[in-house]
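# Chains, contacts and geometry: an overview
So you can see what is in the structure, the chains are spelled out below.
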Amino acid sequence: MLLKIGLAVIGAVILYVVVDVILYKRNMKKTKEDLLTFVQKNKEYVSVTIIENEDVVLEWNAHQETPLASTVKLPILFHFVKAASVGEIKLDEKVALTELERFYIDRTDGGAHKSWLEVNKLSGNATMLDIAKGMMQFSSNACTDYLIERLGLEKINARIQQAGMTKHGELMPITPTLLWSAYISDHRRDALKKMKDVSDVQFRTLMNEIFDIMKNDPERKMTLENKMKKKNLLSYAIQSCLTQKLTQSTTDQYAHFMKRLHDELLTPEEKSLFSQIVLGQTMMTESDQYVWYKGGATQFVLTSALYRKTDNGSMSISFFINDPKAKYTYWIENIFNEFVVTLSIDQSFRKRLEQALT
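The structure displayed is predicted, hence computed values, not measured ones. Throughout this document, residue positions are counted from 1 along each chain, in the order its sequence is written. Residue-level local features of this predicted model are given only where pLDDT is at least 70; pairs of side-chain atoms are given and counted only at 80 or more, and the full residue set underlies all totals for whole chains, interfaces and linings. To get the side-chain values, take all heavy atoms of the structure and skip hydrogens and water.

## Points about the overall build of the protein chain
- The helix count covers DSSP runs of H or I at least four residues long, the strand count covers runs of E at least two residues long, and both are numbered beginning at the N terminus. Check the secondary structure of the protein chain and you find 17 helices and nine strands.
- Note on method: radius of gyration uses C-alpha positions; expected globular size equals 2.2 Å times residues raised to 0.38. At 22 Å, the protein chain has a C-alpha radius of gyration in line with the 21 Å of a compact globule built from 358 residues.
- Considering only C-alpha atoms, the protein chain reaches an extent of 80 × 55 × 40 Å along its principal axes.
- Buried residues are those whose accessible area, probed at 1.4 Å on protein chains only, stays under 20% of the maximum for their type, while exposed residues exceed 50% and partly exposed ones sit between those limits. Split into buried and exposed, the 358 residues of the protein chain put 51% on the buried side.
- Here, two residues are considered to be in contact whenever any of their heavy atoms come within 4.5 Å of each other. Sequence-distant contacts in the protein chain: of pairs separated by 6 or more residues, those separated by 24 or more amount to 73%.

## Regarding the sheet that holds strand β1 (residues 46-52)
- Across the sheet, five strands lie side by side as β2-β1-β9-β8-β7; this open sheet has antiparallel pairing. Each edge of the sheet is formed by a strand with only one pairing partner; in this case those strands are β2 (55-60) and β7 (288-297). Between one strand and the next, the sheet's axes are offset by a mean angle of 5 degrees, whatever the strand orientation.
- Two strands pair under a simple rule: DSSP has to find at least two bridges between them. Two elements, β1 and β2, share five bridges in a ladder whose sense is antiparallel. Opposite Ile51, over in β2, you have Val56 as the bridge partner.
- To define axes, lines are fitted to C-alpha atoms, for helices over the stretch in contact only, and angles between the resulting N-to-C directions are given on a 0 to 180 degree scale. Contacts between helix α17 (residues 347-357) and the sheet are confined to β1, β2 and β9 (313-322), with β1 contributing the most and set at about 140 degrees to the helix.

## What to know about the packing of aromatic side chains
- Aromatic pairing here means that ring centres of Phe, Tyr or Trp (its six-membered ring) are within 6.5 Å. Orientation follows from the plane angle: under 30 degrees is stacked, over 60 is edge-to-face, and everything else is tilted. Counted by the stated rule, this structure contains 15 aromatic pairs.
- For the ring pair Phe319 and Phe336, a centre distance of 5.6 Å and an interplane angle of 25 degrees mean the geometry is stacked. You can see Phe319 sitting in strand β9 and its partner Phe336 sitting in helix α16 (residues 329-345), a full 17 residues away along the chain. Accessibility assignment for this pair places Phe319 and Phe336 in one class, buried.
- Taken together, Phe38, Tyr45, Tyr328 and Trp331 form an aromatic cluster joined through their ring pairs.
- Placement of a positive charge over a ring is assigned whenever Lys NZ or Arg CZ falls within 6 Å of the ring centre and within 35 degrees of the normal to the ring plane. One Lys or Arg, Lys32, reaches over the ring of Phe349 and ends 5.7 Å from the middle of that ring.

## A word on helix α9 (residues 176-184)
- In terms of residue burial, α9 counts as a mostly covered element, since seven of its nine residues are buried.
- Next to the buried residues of α9 lie α7 (141-151), α10 (188-196), α11 (200-216), α12 (218-230) and α13 (236-245).

## A word on the pairing of strand β8 (residues 301-310)
- Judged by how many residues are buried, β8 sits mostly within the fold: nine of 10 residues are covered.
- Bridge count between β7 and β8: nine bridges; the pairing is antiparallel. Following the sheet pairing, Lys294 is matched in β8 by Ala305.
- Here β7 folds back onto β8, and the loop between the two strands holds three residues.
- The pairing of β8 with β9 spans eight bridges and is classified as antiparallel. Considered in β9, the bridge of Leu306 is made with Ile317.
- Counting the residues between successive antiparallel strands, the hairpin from β8 to β9 contains two residues.

## Let's talk about the side chain of Arg102
- Its place among the elements puts Arg102 in the loop between α4 (97-101) and α5 (112-119).
- Setting aside its immediate chain neighbours within four residues, Arg102 contacts Tyr146, Glu149, Met214, Lys215 and Lys221.

## Examining the nonpolar core
- In terms of nonpolar packing, the biggest core is built from 77 residues, with Phe80, Ile131 and Phe257 touching the most fellow members.
- Of the residues forming this core, the biggest block, eight residues, is contributed by helix α3 (residues 73-85).
- If we skip the residues at most four places from it in the chain, Ile131 touches Val95, Leu100, Trp116, Ala126, Cys143, Tyr146 and Leu147.
- Joining through side-chain atoms within 4.5 Å is the link that ties buried Ala, Val, Leu, Ile, Met, Phe, Trp, Tyr and Cys residues into a set, and such a set is a nonpolar core. If you look at the next biggest cluster of nonpolar residues, it comprises 27 residues, including Tyr293, Ile321, Ile335 and Phe349.

## Digging into the pattern of salt bridges
- Think of a salt bridge as a Lys or Arg side-chain nitrogen and an Asp or Glu carboxyl oxygen that are within 4 Å of each other. A complete count under the given rule lists 21 salt bridges for this structure.
- Asp106 is paired through a salt bridge with Arg107; the nearest N and O atoms lie 3.8 Å apart.
- In this structure, Arg204 and Glu170 form a salt bridge, with 3.4 Å as the shortest nitrogen-oxygen distance. On the criterion of sequence distance, the pair formed by Arg204 in helix α11 and Glu170 in the loop between α8 (153-162) and α9 is long-range, its members being 34 residues apart.
- The exposure class assigned to Glu170 is partly exposed, which follows from its relative accessible area of 42%.

## Remarks on the packing of α3 against α7
- In contact at an axis separation of 11 Å, α3 and α7 are set at 45 degrees when each is read in the N-to-C sense. As the angle between them shows, α3 and α7 are arranged oblique. α3 and α7 meet at a crossing whose hand is left-handed. Of the residues in α7, those in contact with Lys73, Ile76, His79, Phe80 and Ala83 of α3 are Asn141, Thr144, Leu147, Ile148 and Leu151.
- In the scheme used here, Gly and all other residues not listed as nonpolar or charged are polar, with Ala, Val, Leu, Ile, Met, Phe, Trp, Tyr, Cys and Pro taken as nonpolar and Asp, Glu, Lys and Arg as charged. The class makeup of the residues in the contact of α3 with α7 is six nonpolar, three polar and one charged. Oblique is the label for any angle not covered by the other classes, which are roughly parallel (under 35 degrees), roughly antiparallel (over 145) and roughly perpendicular (65 to 115). Here is the rule for handedness: rotate from the far helix to the near one, and if that takes an anticlockwise turn smaller than a right angle the crossing is left-handed, while a clockwise turn gives right-handed.

## Structural notes on the environment of Asp200
- Here Asp200 shows up in helix α11.
- Taking the relative accessible area as the measure of exposure, Asp200 reaches 51% and is therefore exposed.

## Here we look at the packing of helix α6 (residues 128-137) against α7
- Running from amino to carboxyl end, α6 crosses α7 at an angle of 125 degrees, the nearest separation of the two axes being 8 Å. Taken as axis vectors, α6 and α7 run oblique relative to one another. Where α6 crosses over α7, the handedness of that crossing is left-handed. On α7, the residues touching Met128, Ile131, Ala132, Gly134 and Met135 of α6 are Cys143, Thr144, Tyr146, Leu147 and Arg150.

Following this line, the structure appears as structure tokens:
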């Protein structure tokens with residue numbers, strides 16, 4: 001009897017795994033049409049703002065604050081371009097790659113940093129322009145935190161406010177969050193409890209402390225990194241907690257920011273440099289003057305901001321998805337960028353999104 005029960009349990013587990021695999025493979029084949037259906041059925045997860053020329057043509061949860069993922073790198077690039085235009089930094093300055101490695105944590109960025117090095121065949125040194133492209137085109141967190149160190153966190157946050165982003169959380173370095181749990185505990189449950197009890201002020205203090213370690217104490221940084229991996233201190237629950245601590249903002253803020261970048265915040269020369277660094281050049285058609293895009297993803301959120309200027313007008317789009325239990329992001333991530341780009345060029349598709357939400 002016990003044998004039969006045991007076999008039945010094993011059979012049920014095998015069936016569950018097989019079904020799970022089948023569903024996973026099916027979800028990985030989904031298209032932007034499936035994402036449109038998802039939006040219609042899960043409106044509470046979605047926030048979007050679309051500005052066409054001078055008019056806001058679609059708002060949905062536009063003032064709902066969401067953790068930003070890598071879209072937060074756009075205002076860092078904005079400050080980088082401004083700093084370069086007044087000579088505070090030189091684009092051709094060579095930086096030793098060891099300077100960037102202080103902020104690199106292996107197997108935590110989806111291979112972004114290694115891909116940047118390999119594609120550009122970098123060894124030994126990289127220019128400041130290379131590093132900015134690494135941040136925007138490859139989404140290297142190590143490149144990002146190096147630029148934060150060089151540009152100054154206070155100056156970047158001040159620039160965000162000057163750009164009119166008054167509903168934007170204070171920007172913090174990215175990589176210290178990954179070592180946070182190892183910095184405060186040796187055990188997952190204890191770390192998670194301490195992390196949940198931390199106030200925003202305490203969080204900023206902790207991130208600055210860890211950032212200083214990464215900048216100045218490579219041996220201790222390596223010790224924390226090894227402990228984090230060995231003791232699995234980046235569990236699902238801890239990553240969920242970390243995501244909610246990321247800098248937050250809204251689609252309203254980012255859609256208007258992208259438009260203001262073109263209309264008032266950047267000079268023609270600065271727009272040219274911005275275009276050279278940000279993603280968008282490969283998306284341009286004959287009628288496009290500018291295409292600027294930055295998406296971002298964690299296990300729990302997907303965020304994006306896009307600006308498109310054509311001979312006939314402009315389109316500014318910010319589209320966020322907040323999936324607090326990470327039930328859908330694994331397949332949405334594959335088509336998310338295509339979805340946002342399609343919104344920028346296909347009026348009928350934008351109309352269908354509007355209908356799905358309203």
